Amino acid sequence: MQKYSILSVASSQFEEFLWVFLKSALDKINLDSVYEICILDIGLSEEIMNYFEKLNPKIKFLKSEEVFISNESWDDAWQKNVLKKTEFVKDYLQKENVPVYMIDIDCMFLDDVSDLLNIHHERDIILCDRSDLWAGMPYIASFVAFLNIEQSIKFLDDWIQLMDQINQFETKETPALNELARTNTKYNLYALSHKIVGLYYDNELIPETKIIHFKGGGSKDNHDLITDRFNRFNVFSEIINKYMDDKNES
């Protein structure tokens, strides 16, 4: 059985999201299929990292060489931190040589995602398709599965290069991803609905939903707004509160 890793990026501003992300991963994912869960640390507290590394040996943190302090979504520091994701994943693929699921830290797992690797193993890359919500920019970078390692490294090179060229949008990561997918002639891509790997709203929940996404809207991110983003999924408030209670008791 081929194993895969889950990669994300987290800062001190989003430790509540990190907590829910990792607690739900340990709760819902078949860890026998996981090589490791690796988080790029861009300013997390030592306490929270030590807690999770002791909780499960498959959880690891890699310290970023640079840390940019972001005060609000989409500011310059936030943009620089977002751009670290693709560089982090590319370096990881080259070093570890295992498939990778790149997932935003403001997500929560509802079900195991291991079967995606087996079902779509002939594909190079899986994208999160939100075309029913935004046809003009159908893919969102909150979930990207890199299955074919060699092709994925090339894809990431192209993606990073395009991000350097994007200047007509407030953000770069998702617009560059869409441009790369739109002009693609080299990669075997597969589009998987956001309702499965990145659900925005609980009224669109389906039995196949594996990941929900507490997506922000670009306004200032403080604790209250993080709570608002959690509250968008009232149907899961009990489990979210349980994960957060664990944090308060740790």
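Structural notes, computed from the coordinates. (Residues numbered from 1 in each chain as written. Predicted model: local features only at pLDDT ≥ 70, side-chain atom pairs only at ≥ 80, totals over all residues. Heavy atoms only, no water.)

**A word on the packing of helix H5 (residues 149-165) against helix H6 (residues 173-182)**
Where H5 contacts H6, the two axes come as close as 9 Å, and the packing angle between them is 120°. Classed by the angle they form, the pair H5 and H6 counts as oblique. In the crossing of H5 with H6, the sense of the turn from one axis to the other is right-handed. Residues Phe155, Asp158, Trp159, Leu162 and Met163 of H5 touch H6, and the partners they reach there are Glu173, Ala176, Leu177, Glu179 and Leu180. Residues that form the contact of H5 with H6 fall into these classes: seven nonpolar, no polar and three charged. (Axes fitted to C-alpha atoms, helices over the stretch in contact; angles between N-to-C directions. Helix = DSSP H or I, 4+ residues; strand = E, 2+ residues; numbered from the N terminus. Parallel < 35°, antiparallel > 145°, perpendicular 65-115°, else oblique. Left-handed = near helix turned anticlockwise from the far one by under 90°. Contact = heavy atoms within 4.5 Å. Nonpolar A, V, L, I, M, F, W, Y, C, P; charged D, E, K, R; others polar.)

**Quick word on the pairing of strand S7 (residues 139-146)**
In terms of residue burial, S7 counts as a mostly covered element, since eight of its eight residues are buried. With four bridges connecting them, strand S4 (residues 100-103) and S7 associate as antiparallel partners. By the bridge assignment, Ile103 is partnered in S7 with Phe143. Two elements, strand S6 (residues 125-129) and S7, share five bridges in a ladder whose sense is antiparallel. What sits directly across from Leu127, in S7, is Val144. (Buried < 20%, exposed > 50% of the residue type's maximum accessible area, 1.4 Å probe, protein only. Pairing = 2+ DSSP bridges.)

**Structural notes on the environment of Lys242**
Looking at the element boundaries, Lys242 is found in helix H9 (residues 237-249). When its relative accessible area of 46% is taken as the criterion, Lys242 is described as partly exposed. For the pair Lys242 and Lys23, spaced 219 residues apart in the sequence, the C-alpha separation amounts to 9.7 Å.

**Overview of H6**
Most of H6 is tucked away: eight of the 10 residues are buried. For H6, the complete set of buried residues consists of Glu173, Thr174, Pro175, Ala176, Leu177, Asn178, Leu180 and Ala181.

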